[in-house]
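Next come the chains, spelled out residue by residue.
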Amino acid sequence: MAWIAAAQAADCPRQGTLGTSRVLVVDAATTPRVGLKSFPQTLPLRDHEVVLTFDDGPWPAATARVLAALAHECVRATFFLIGKPASEHPELVRKIAAEGHTIGHHTWSHRSLMRIKPGETTEEIDHGISAIEAALHGVATTTPSTLFFRFPGFESTPATLDLLQSRGIVVFGADFWASDWNPMTPKQELKLVTDRLKAARKGIILFHDPKVQTAAMLPAFLRYLRDNDYHVVHVVSVARSADGAH
């Protein structure tokens, strides 16, 4: 199996919360790409299991509200951070990690990697990785501690997919999303994403933590998951050894 049930999630100290049901380790050696909106395969989730992912942060006010909502329900998610805001708010990057969430990579400045010169794509990827590693660990390195990446706008190329696979980095798409890049109220977003979840029954869900409407909607969405017997799965990266292998 490409994924391993690494552990049961830690017990939540509060009764009646949604919680995190289990942990999956995802390894690019056998599963380099996941998410049915972009690729033919996705994570092996059971019926009524979801993986929560957030793109484009960190952004202080909204991201802090997202973290508070997740903490209230003892839920762990994955944040695909952009390098530039990560370098501007390193304390928030460390807070995301300290609260047990997975931190993936989303380039330095969110440029489309399909629309820039091929010679610039590696720099855009590596600059983003090094900024996040510096924020997390105080050392700017292009070797990511978490081997997860998501393309801005899901705009990959064969060359960039091959590059990431050669470096052992899993590329995440999504199974469905909240379309929260469009203006809407939190109530409208909640209906949209719950309707899509009812149809899909499981999957990797994409949100954007800098969006104020998403931050406002999230507590109600987590309550919906709890009240309708959904289970949150936390994805983590395969460990990288000291010599860079994995």
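If you're wondering where the values come from, they're calculated on a predicted model, not measured in any experiment.

Within the structure shown, the criterion is met by 12 salt bridges. One salt bridge in this structure joins Glu88 and Lys84, with 2.6 Å as the shortest N-O distance. A residue pair is termed a helical-turn pair when its members lie 3 or 4 positions apart in one helix, as Glu88 and Lys84 do in helix H2 (residues 83–88) at four residues. Judged by its relative accessible area of 42%, Glu88 is partly exposed. For the salt bridge of Arg111 with Glu120, the shortest nitrogen-to-oxygen distance reads 2.9 Å. Overlapping salt bridges bring together Arg22, Arg46 and Glu49 as one network.

We now examine the nonpolar core. Of all hydrophobic cores here, the largest spans 36 residues; its most connected members are Leu52, Phe54, Leu70, Phe79, Phe207, Phe221 and Leu225. When residues of this core are traced back to their parent elements, those giving at least two are strand E4 (49–55), helix H1 (60–72), strand E5 (78–81), helix H3 (90–98), helix H4 (118–137), helix H6 (186–200), strand E10 (203–208) and helix H7 (212–227). The biggest single contributor to this core is H7, with seven residues. Excluding its chain neighbours within four sequence positions, the residues that come into contact with Phe54 are Val66, Leu70, Ala77, Thr78, Phe79, Phe80, Phe207, His208, Asp209, Thr214 and Leu218.

Let us look at the packing of H6 against H7. Here H6 crosses H7 at 45°, and the two axes come no closer than 9 Å. Regarding the angle of H6 to H7, the classification is oblique. Note that H6 runs across H7; the crossing there is right-handed. Judged by residue contacts, Pro186, Glu189, Leu190, Val193, Thr194, Leu197 and Lys198 of H6 engage Gln213, Thr214, Ala216, Met217, Ala220, Phe221, Tyr224 and Leu225 from H7.

Before going further, it helps to spend a moment on the confidence of the model for the chain. Summary statistics for the chain give a mean pLDDT of 93 and a share of 93% for residues scoring 70 or more. For the stretch residues 1–8, pLDDT sits under 50, and the model shows 24 contacts to residues farther than four places along the chain or on other chains. Throughout residues 241–246 the model reports pLDDT below 50, and contacts reaching past four residues in sequence, or to other chains, amount to nine contacts.

A word on the environment of Ala159. Relative to the assigned elements, Ala159 resides in helix H5 (residues 158–166). In sequence terms Ala159 and Thr122 are 37 residues apart; their C-alpha atoms lie 10.0 Å from each other.

Here we take up the packing of H1 against H7. The geometry of H1 relative to H7 is characterised by a closest axis approach of 8 Å and an angle of 5° between their N-to-C directions. In terms of axis orientation, H1 runs roughly parallel to H7. Along its contact with H1, which presents Ala62, Arg65, Val66, Ala69 and Leu70, the element H7 presents Val212, Ala215, Ala216, Leu218, Pro219 and Leu222. Taken together, the residues of the contact of H1 with H7 break down into 10 nonpolar, no polar and one charged.

Burial analysis of strand E2 (residues 22–26) places five of its five residues in the buried class, the great majority of the element. Residues Arg22, Leu24 and Val26 of E2 are buried on one face, and the alternating residues Val23 and Val25, pointing to the opposite face, are buried as well. Summarising the sheet, E2 and strand E11 (residues 231–237) pair through five bridges and their orientation is parallel. The residue bridging Val26 from the neighbouring strand is Ser237, located in E11.

We now examine the state of the cysteines. Using the criterion set out here, one finds one disulfide in the structure. Note that Cys12 is cross-linked by a disulfide to Cys74, the S-S spacing being 1.8 Å. Judged by the sign of its S-S torsion, about 45°, the bond between Cys12 and Cys74 is right-handed. Of the two residues, Cys12 sits in the loop between strand E1 (3–8) and E2 while Cys74 sits in the loop between H1 and E5, which places them 62 residues apart along the sequence.

Definitions and limits used
- Residues numbered from 1 in each chain as written.
- Predicted model: local features only at pLDDT ≥ 70, side-chain atom pairs only at ≥ 80, totals over all residues.
- Heavy atoms only, no water.
- Salt bridge = Lys/Arg side-chain N within 4 Å of Asp/Glu carboxyl O.
- Helix = DSSP H or I, 4+ residues; strand = E, 2+ residues; numbered from the N terminus.
- Buried < 20%, exposed > 50% of the residue type's maximum accessible area, 1.4 Å probe, protein only.
- Core = buried A, V, L, I, M, F, W, Y, C linked by side-chain atoms within 4.5 Å.
- Contact = heavy atoms within 4.5 Å.
- Axes fitted to C-alpha atoms, helices over the stretch in contact; angles between N-to-C directions.
- Parallel < 35°, antiparallel > 145°, perpendicular 65-115°, else oblique.
- Left-handed = near helix turned anticlockwise from the far one by under 90°.
- pLDDT = per-residue confidence, 0-100.
- Nonpolar A, V, L, I, M, F, W, Y, C, P; charged D, E, K, R; others polar.
- Pairing = 2+ DSSP bridges.
- Disulfide = S-S within 2.5 Å.

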